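# Structural characterization, general
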Amino acid sequence: PPPREEEETWAEYFERYRTLCKPAEALVKADPARGGQREERVTPEEAWAQERQHQEAAVEAAAARWEKLKEERQQESEAREARIAEVQEELMAAAEKRAE
């Protein structure tokens, strides 16, 4: 980088720096599967698409598990309410027998 002159402001220095310095080369890697040719992207889009698919599948699986657990809890709640009603009926019948 060029040295900053004392009377130069930082804004002027950075403007001069941008005009004098060459841009850095894009980050590339050699791909052995392509015979050592350089790849344009560090991470291929296919890898991102595959990662996105895995994430979507995980979200769908979690949603399915949640729905299954929700239904199971609902069924348990209904069974519990039915058992409570049954016990209440038994208690009412026992109370009526004692009253007679």
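Residues numbered from 1 in each chain as written. Predicted model: local features only at pLDDT ≥ 70, side-chain atom pairs only at ≥ 80, totals over all residues. Heavy atoms only, no water.

## Let's talk about the overall build of the protein
On a plain count of helices and strands, the protein comes out with 2 helices and 2 strands. Counting across all 100 residues of the protein, residues that qualify as buried make up 4%. Sequence-distant contacts in the protein: of pairs separated by 6 or more residues, those separated by 24 or more amount to 0%. (Helix = DSSP H or I, 4+ residues; strand = E, 2+ residues; numbered from the N terminus. Buried < 20%, exposed > 50% of the residue type's maximum accessible area, 1.4 Å probe, protein only. Contact = heavy atoms within 4.5 Å.)

## With respect to the side chain of glutamate 8
Along the chain, the position of glutamate 8 falls in the segment before helix H1 (10-20). Overall, the relative accessible area of 8% leaves glutamate 8 in the buried class. Ignoring anything within four residues of it in the chain, the contact list for glutamate 8 reads Tyr13 and Arg16.

## Section: the pattern of salt bridges
In total, this model carries 3 salt bridges according to the counting rule given. Notably, a salt bridge pairs glutamate 8 with arginine 16, separated by 2.9 Å at the nearest N-O pair. Given a relative accessible area of 23%, arginine 16 falls into the partly exposed group. Salt-bridge contacts for glutamate 86 lead to arginine 83; the nearest nitrogen and oxygen are separated by 2.7 Å. Residue glutamate 86 and its partner arginine 83 are both found in helix H2 (residues 45-99); the two are separated by 3 residues, about one turn of the helix. (Salt bridge = Lys/Arg side-chain N within 4 Å of Asp/Glu carboxyl O.)

## Some words on a negative patch on the surface
Together, Glu5, Glu6, Glu7 and Glu12 line one region of the surface with negative charge. Structurally, glutamate 7 can be placed in the segment before H1. Judged by its relative accessible area of 64%, glutamate 7 falls in the exposed class. (Patch = residues over 30% accessible without salt bridge, like charges linked within 9 Å, V, L, I, M, F, W, Y side chains within 5 Å. Areas by Shrake-Rupley, 256 points an atom, 1.4 Å probe, with all protein chains shown as cover. Lys, Arg positive; Asp, Glu negative; His and termini not counted. Charge placed at Lys NZ, Arg CZ, Asp CG, Glu CD.)

## Here's the deal with a nonpolar patch on the surface
Taken together, the side chains of Trp10, Phe14 and Tyr17 present a nonpolar region at the surface, about 330 Å² in accessible area. Tracing the backbone through its elements, the reader meets tryptophan 10 in helix H1.

## A few points about the packing of aromatic side chains
Applying the stated criterion to the full structure yields 4 aromatic pairs. An aromatic cluster is built from Trp10, Tyr13, Phe14 and Tyr17, whose rings are joined through pairwise contacts. One Lys or Arg, arginine 4, reaches over the ring of tryptophan 10 and ends 4.3 Å from the middle of that ring. (Phe/Tyr/Trp six-rings, centres within 6.5 Å; stacked < 30°, edge-to-face > 60°. Lys NZ or Arg CZ within 6 Å of the ring centre and 35° of its normal.)

## Considering the environment of arginine 83
On the basis of relative accessibility, which here comes to 45%, the residue arginine 83 falls in the partly exposed class. Of the polar contacts made by the side chain of arginine 83, one reaches the side chain of glutamate 86; its length is 2.7 Å. (Polar contact = N/O pair within 3.5 Å; in protein donor to acceptor, adjacent residues only side chain to side chain.)

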